Amino acid sequence: MQQTSTTMRETVQQVWKKRPMIISGPCSAETEEQVLETATRLAKTGKVDMLRAGIWKPRTRPGSFEGIGAKGLPWMQQAKKITGLPVTVEVATAKQVEDALTFEVDVLWIGARTTVNPFSVQDVADALRGVDVPVLIKNPINPDLELWIGAVERVAKAGIKQVGLIHRGFSSYGNTEYRNAPMWHLAIEMKRRNPELLMINDPSHISGRRDILLDVAQKAIDLDMDGLIIESHIDPDKAWSDAKQQITPERLGEMLGQIAWRKEDINSEEYHAALEKLRQQINHLDDELMQILGQRMSIAEKIGEYKKNNNITILQTNRWNEILERAFKKGEKLNLSKEFITKYFDAVHMESINHQNKIMNS
């Protein structure tokens, strides 16, 4: 396997430390002309740090375009030569790792469909032993942090020193707004558990469409993500895959200029004093909420006793629908979204069921 030049290695190290890190390129490498023109136009924006393109495309159903294959790797190599920008591609098998490194791909990423399968991740990890290359790992399709963490551990144990994360959203039942529900709380928890790891956001796969791409990207930056990976195509509507979520290189440049790039902190005593005061208020409210929830569960246990004594099932759907409808009406007045209310009451409801179940079986 050929290794990248010393100069490009230094460039990759600089990019890895840059904040925000911006990666862009087409969903799929389609033709040499398309790859090179996209790369050239992205480089002209002056806002892109690394080029991406899908060489192998895992698709849900057969018959869809599954990538141009290894023949597209020389195109990426040439794009790097023309622009001076590092390149990154997705790999899912040991053979793909070998092919990518042969053509001097600078950074590899493991996709969501691979992360979900520990056998596949281990196959890739084994192929990476003895190789010095950064690896980004997308969250698994399903909302399971342990799978994501497991993938990180497998790659790290293979000797890869630079491991990063890509938050691209999760498949979820009932999701209609996004292609993949962002489930920001899971990304935040992953970042909390692994603060030393780079985490960038993939608004393209979360959005699934161009009209909300900027909003998702802004939310990611507001949540202190370390960068963005956004799909770009010279003629998005004619793209061979994921046409609706891609934007032109020029639009990418405009969009990046529209994002408000936040700071994690500032050196201001006044700011920290004001923030601490508000945080103390939050702490007091959290304490009150915990006490109220404890009281609620005590009542739930009493309800469980009545149900047990009268041989009644724990779950009563009509009552649950009544609780939700009542909460929606009240939440609307308090400017609380239905999504938040549903998630909150789902959690509370399950805890109540668990409490009642213990009573039923005691």
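Description of the structure in this document. (Residues numbered from 1 in each chain as written. Predicted model: local features only at pLDDT ≥ 70, side-chain atom pairs only at ≥ 80, totals over all residues. Heavy atoms only, no water.)

1. Describing the nonpolar core
The test is simple: To define a nonpolar core, start from buried Ala, Val, Leu, Ile, Met, Phe, Trp, Tyr and Cys residues and group those joined through side-chain atoms within 4.5 Å. Relative accessibility thresholds used throughout: buried, under 20% of the residue-type maximum; exposed, over 50%; partly exposed, between the two (1.4 Å probe, protein chains only). Runs of E in the DSSP output that reach at least two residues are strands. Runs of H or I that reach at least four are helices, and both are numbered from the N terminus. We call two residues contacting when some pair of their heavy atoms lies within 4.5 Å.
Within the largest apolar cluster, 65 residues are counted, with the highest numbers of intra-cluster contacts made by Leu108, Leu128, Ile137 and Leu228. It is helix 7 (residues 145-157) that provides the largest number of residues to this core, a total of 6 residues. Aside from chain neighbours lying at most four places away, what touches Leu108 is Thr88, Val89, Val91, Val97, Ala100, Leu101, Leu128, Val133, Pro134, Val135 and Leu136. Membership of the second largest hydrophobic core comes to 14 residues, among which are Val15, Trp16, Met21 and Ile166.

2. What about the pattern of salt bridges?
Close approach of charged atoms allows side chains of opposite charge to pair. To keep it simple, the criterion reads: Salt bridge, as used here, is a side-chain nitrogen of Lys or Arg placed within 4 Å of a carboxyl oxygen of Asp or Glu.
Following the criterion strictly, the structure yields 22 salt bridges and no others. Via salt bridges that share partners, Glu146, Glu189, Arg192 and Arg193 belong to a single interconnected network.

3. Quick look at the pairing of strand 6 (residues 163-167)
For the record, the criterion: Whether two strands pair depends on DSSP finding at least two bridges between them.
Across the 5 residues of strand 6, 5 count as buried, placing the element largely inside the fold. Burial of strand 6 is two-sided: the residues Val163, Leu165 and His167 facing one way and the residues Gly164 and Ile166 facing the other way are all buried. As paired elements, strand 5 (residues 135-138) and strand 6 share 4 bridges and run parallel to each other. What sits directly across from Lys138, in strand 6, is Ile166.

4. With respect to empty space enclosed by the protein
Here the idea is plain: a probe the size of a water molecule rolls over the atoms and shows the empty space left. Which entries qualify depends on this criterion: Definitions used throughout: a 1 Å grid over protein atoms alone; a cavity as a set of points that fits a 1.4 Å probe which cannot get out; a pocket as an open set with protein on both sides within 12 Å along at least five of seven lines; a lining residue as one with an atom within 4 Å of a point. Grid points are joined across faces, edges and corners, and a volume is the space filled by probe spheres set on the points. The residue classification treats Ala, Val, Leu, Ile, Met, Phe, Trp, Tyr, Cys and Pro as nonpolar and Asp, Glu, Lys and Arg as charged. All others, Gly included, are polar.
Evaluated as defined, the whole model comprises 1 cavity of 30 Å³ or more. For the largest cavity, the calculated volume is near 50 Å³. Forming the walls of the largest cavity are Ser24, Gly25, Pro26, Val35, Thr38, Ala39, Leu42, Leu51, Arg52, Ala53, Met76 and Ala79. Elements supplying a minimum of two residues to the lining of the largest cavity: strand 1 (21-25), helix 2 (32-45), strand 2 (50-52) and helix 3 (73-83). The element contributing the most residues to the lining of the largest cavity is helix 2, with 4 residues. Of the residues assigned to the lining of the largest cavity, the class counts are 8 nonpolar, 3 polar and 1 charged.

5. Remarks on the environment of Thr40
For clarity, the cut-off: Identification of polar contacts relies on pairs of N or O atoms within 3.5 Å, with a donor-acceptor requirement for protein atoms, meaning one able to donate a hydrogen and the other able to accept it, and with residues adjacent in sequence counted only if both atoms are side-chain atoms.
Examined against the element boundaries, Thr40 turns out to sit in helix 2. Ignoring sequence-local partners within four residues, the contact set of Thr40 consists of Ile82 and Thr83. At a separation of 2.8 Å, a polar atom in the side chain of Thr40 contacts the main-chain carbonyl oxygen of Leu36.

6. Quick word on the packing of aromatic side chains
Rules: Pairing of aromatic side chains requires ring centres within 6.5 Å, counting the rings of Phe and Tyr and the six-membered ring of Trp. Pairs whose planes differ by under 30 degrees are stacked, by over 60 edge-to-face, and all others tilted. Charge over a ring is defined by NZ of Lys or CZ of Arg lying within 6 Å of the ring centre and within 35 degrees of the ring normal.
In the structure shown here, the tally under the stated rule is 3 aromatic pairs. Seen from their ring centres, Phe65 and Trp240 are 5.2 Å apart, and the 90° between their planes marks the pair as edge-to-face. Of this pair, Phe65 sits in the loop between strand 2 and helix 3 while Trp240 sits in the loop between strand 8 (227-231) and helix 11 (249-258), placing them 175 residues apart in sequence. Taking 5.0 Å as the distance between ring centres and 85° as the angle between the ring planes, the aromatic pair formed by Tyr344 and Phe345 counts as edge-to-face. On the accessibility criterion, Phe345 (17% relative accessible area) is buried. The structure contains a cluster of three or more aromatic residues connected by ring pairs, namely Phe340, Tyr344 and Phe345. Between Lys338 and the ring centre of Phe328, over which it is positioned, the NZ or CZ distance is 5.1 Å.

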